[in-house]
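Each chain is listed here by its residues.
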Amino acid sequence: MKPTILTTLLLAAGLACASAAHAGTTLIRDVRVFDGAVAREHRSVLVRDGAIVDADYAGEVPAGARVVSGAGRTLLPGLIDAHVHAFQHLDLPLMFGVTTQVDMFTGVSVMQAVTRDMAAGRNGSRADLFSAGTLITAPGGHGTEFTLPIPTLEKGADVQAFVDARIAEGSHFIKVVMEEGFGEHHFKSLDLATVKAVIDAAHKRGKMAVVHISTLQNARAALEAGADGLAHLFPGTAIAPQDVDGLVRLAKSHGAFVIPTFSVLESVAGIKPRDLLDDPGVTGLLDKDERTTLEVGYGQTPAPARLTAPRIVTAALREAGVPLLAGTDAGNPGTQYGASLHHELASLVDAGLSPAEALAAATSVPAAVFKLGKRGRIAAGYKADLVLVQGNPLQDIGATRRIVEVWKDGASVEALRQQQRRQVAQEAVPRTSPAPALPPDGRISLIKDGRLASPFGVGWMPSDDSVAGGASRVKLATQASEGQAVVTVEASVKAGFFYPWAGLAFLPGAAAPGAIGEADLGAVRAIRFRVRGDGKTYQLTMASRGMRIPRTVNFTAGTQWEEVAIPFSAFAGVDPAAVTMIGFNAGPQPGDYRFEIADVRLLDR
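What counts as what
- Residues numbered from 1 in each chain as written.
- Predicted model: local features only at pLDDT ≥ 70, side-chain atom pairs only at ≥ 80, totals over all residues.
- Heavy atoms only, no water.
- Helix = DSSP H or I, 4+ residues; strand = E, 2+ residues; numbered from the N terminus.
- Rg over C-alpha atoms; globule rule 2.2 N^0.38 Å.
- Buried < 20%, exposed > 50% of the residue type's maximum accessible area, 1.4 Å probe, protein only.
- Contact = heavy atoms within 4.5 Å.
- Areas by Shrake-Rupley, 256 points an atom, 1.4 Å probe, with all protein chains shown as cover.
- Lys, Arg positive; Asp, Glu negative; His and termini not counted.
- Charge placed at Lys NZ, Arg CZ, Asp CG, Glu CD.
- Pairing = 2+ DSSP bridges.
- Axes fitted to C-alpha atoms, helices over the stretch in contact; angles between N-to-C directions.
- Salt bridge = Lys/Arg side-chain N within 4 Å of Asp/Glu carboxyl O.
- Phe/Tyr/Trp six-rings, centres within 6.5 Å; stacked < 30°, edge-to-face > 60°.
- Parallel < 35°, antiparallel > 145°, perpendicular 65-115°, else oblique.
- Left-handed = near helix turned anticlockwise from the far one by under 90°.
- Nonpolar A, V, L, I, M, F, W, Y, C, P; charged D, E, K, R; others polar.
- Polar contact = N/O pair within 3.5 Å; in protein donor to acceptor, adjacent residues only side chain to side chain.
- Arc of directions from axis to C-beta.

This next bit is on the overall build of the protein chain. On a plain count of helices and strands, the protein chain comes out with 16 helices and 29 strands. Here the C-alpha radius of gyration of the protein chain, 26 Å, is about what a compact globule of 605 residues would show, namely 25 Å. Taking the principal axes of its C-alpha atoms as reference, the protein chain extends roughly 80 × 60 × 45 Å. A burial count over the protein chain gives 55% of its 605 residues as buried. Long-range pairs, those at least 24 residues apart, make up 73% of the contacts in the protein chain with a sequence separation of at least 6. Carbon together with sulfur atoms contributes 53% to the accessible area of the protein chain, which is approximately 23800 Å² in total. For the protein chain, the separation between the mean place of its 58 positive charges and that of its 61 negative charges on side chains is 3 Å.

Rendered as structure tokens:
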């Protein structure tokens, strides 16, 4: 069944994708095998019904088996990204051989849905997910700025009950936040006593506690409080030897692990992942929106010196034998699911790990640390999540990007990878979208036979997250006032979807079966409208071809009619020549909303 226009445009949890091929019997013959710890030459690996039967098979080719040549190639366990925020693109990691993601904060509904699919054996077309669910932070703390309504831990609250509620939601482990912010970004943070209470409450229930930190002081405090691991290292242009030694001793003595997350630290430092962006094998699997997220990082001016401290600390942790895990913090600007893990591996090698150690940090080490079961190794009885690459990543870590084939639960996902390539290639084909004739006054909200109409395109329609399984709803009413259409939008926004919304959408393109209509609005410079309402903040959204998440600009609906004008240039990343949707939305905070929109115009000046 093809997705509806609104589902395709607005669904932030990712695109529906085809199922992976049926798992049967596969023999990967005469291949170099990195088993999660060491490399072994000239091995043959037999896979049957989703599991590795023999990692050193020497028998005849089984009847009906598919034989894959391993000459000049290396077979790796399915890669594990130990730090993501998996709120979208759940299929994308597989394109790059990442078969498992450890999630540090996502919507509970996303976590629960993937967990159900994994338990039922129907997650073959997406990466597996082990999630912290809702992170534990203070009111106004880091994690609350992303507009997703979440419970927060008040000082003096029942910490055990709060932790138990997260576990009841399905959290695989507990994520705690110690973050005061930096620069112009300041957050309220849990105090140390509360952080220790959260860690103790998690341990009481047999759950690990991972702590988000961004400073040396908080890293030390978290380890002293009993944290099982640190979700980041911290930027810095220098670090004293005694501070390095003290931190490493703490981590070692407490048996803690560390996820440096160079990918996001580099984004903050204004360093772009050129190895990915300049590799056609990578970019050929990323659509425009996905490439933009990877290219546009946090920092605008390169400041490589800020990576000095995390590199020194990583090298010292490695020397001391502290477990290091490869994690990207994907979901943030400057990163991308799946692709960024290959950059993370290279960054770990640059920081002092051997290629074999970096590969272990993305396979066997996170599998053991997070107790992910029989994955992360190539051995009999283990899950047949596998990646075949051309060349030898034990000599050149960049070889992990040269993927030949990926298997998830023993089934090849090459058909999905080819489908992704075709979609990306098709997006790059120049299209001549019709440029609609704008009315002389630019008005696109018209009244016709008592109904809301438009001079071109599919026109106006209600929009809410019910198309994505959410519980939000919207009701529209149109009336004529002084010859103009006035639309009353009554929205009920409810939690349950990662980014709940409800509102009014305008589709400027012509209807086309199975396709997204788009329109060339390149001549438009601004959108202007009149609005009044309940005094709340709303979002004007816009999307163009290839975008999965619309760009947003806020506006306020005051109690009196006001005119709002917003330039098209405010919607970064939107291609004006291929606009697919313009929306006026309530959300994402749950609640009841009411506003009126009138006299919507697209202006060429």
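Moving on: the pairing of strand β2 (residues 39-48). As defined by bridge partners, strand β1 (residues 25-34) adjoins β2 across seven bridges and the pair is classed as antiparallel. What sits directly across from Thr26, in β2, is Val47. With antiparallel pairing between neighbouring strands as the criterion, β1 and β2 make up a hairpin whose turn holds four residues, including Gly36 at a positive phi of roughly 110°. Here β2 folds back onto strand β3 (residues 51-54), and the loop between the two strands holds two residues, one of which, Asp49, carries a positive phi near 50°.

Let's shift gears to the sheet that holds strand β7 (residues 98-103). Pairing in this open sheet of three strands is parallel, and the strands run β6-β7-β8 from one edge to the other. Looking at which strands have only one partner, the edges of the open sheet turn out to be β6 (79-84) and β8 (128-131). Sheet twist, expressed as the mean angle between neighbouring strand axes with direction ignored, is 20°. Sheet topology places β6 next to β7; four bridges connect them, and they run parallel. Bridged to Val84 within β7 is Asp103.

Applying the stated criterion across every chain yields a total of 36 salt bridges. Between Glu224 and Arg220 there is a salt bridge, with its nearest N and O atoms 3.6 Å apart. Taken as a pair, Glu224 and Arg220 lie in helix α6 (residues 216-224) at a separation of four residues, close to a single helical turn. For Glu224, a relative accessible area of 48% gives the class partly exposed. Asp409 is paired through a salt bridge with Lys408; the nearest N and O atoms lie 3.2 Å apart. Judged by relative accessible area, Asp409 falls into the partly exposed class, the value being 25%.

Next up on the list: the sheet that holds strand β27 (residues 562-567). One open sheet accounts for five strands, arranged β21-β22-β29-β24-β27; its pairing is antiparallel. Unpaired on one side and paired on the other, β21 (473-481) and β27 mark the two borders of the sheet. Across the sheet, the axes of successive neighbouring strands diverge by a mean angle of 30°, strand direction being ignored.

Before going further, it helps to spend a moment on unusual backbone geometry. Between Gly587 and Pro588 the backbone carries a cis peptide bond, its omega angle lying at 5°. Within the secondary structure layout, Pro588 lies in the loop between β28 (579-586) and β29 (591-603). Not every positive phi belongs to a glycine, and His42 is a case in point at roughly 50°. With phi around 50°, His89 is a residue other than glycine that occupies positive phi space. Its place among the elements puts His89 in the loop between β6 and α2 (92-95).

Our next topic: the packing of aromatic side chains. One pass over the full model with this rule turns up 11 aromatic pairs. Plain terms: the ring middles of Phe529 and Phe584 are 5.1 Å apart, the flat faces sit at 85° to each other, and that makes the pair edge-to-face. With a gap of 55 residues between them, Phe529 in strand β24 (residues 526-533) and Phe584 in strand β28 connect regions that are remote in the sequence. An identical accessibility class is assigned to Phe529 and Phe584; each is buried. By the ring-pair criterion, three or more aromatic residues cluster together here, those being Phe456, Trp460, Phe506, Phe529, Tyr538, Phe555, Phe584, Tyr593 and Phe595.

Orientation of helix α4 (residues 159-169) relative to helix α5 (residues 192-204), taken along the N-to-C sense of each, is 55°, at an axis distance of 9 Å. Taken together, the axes of α4 and α5 are oblique relative to one another. When you trace α4 past α5, the crossing you get is right-handed. Contact residues: Val159, Gln160 and Val163 in α4; Ala197, Val198, Ala201, Ala202 and Lys204 in α5. Counted by class, the contact of α4 with α5 contains six nonpolar, one polar and one charged residues.

We now examine the side chain of His85. Structurally, His85 is set in the loop between β6 and α2. In this structure the side chain of His85 is engaged in a polar contact, spanning 3.1 Å, whose partner is the backbone oxygen of Phe105.

Moving on, we get to α4. All of the buried residues in α4 are Val159, Gln160, Phe162, Val163 and Arg166. Along the axis of α4, the buried positions cluster into a sector of 165°, meaning they face one direction only. Looking at the buried side of α4, the elements it contacts are β9 (174-177) and α5. The opening residue of α4 is Asp158, an N-cap whose side-chain oxygen sits 3.2 Å from the backbone nitrogen of Gln160. The positive-phi residue at the C-terminal boundary of α4 is Gly170, with phi of around 115°.

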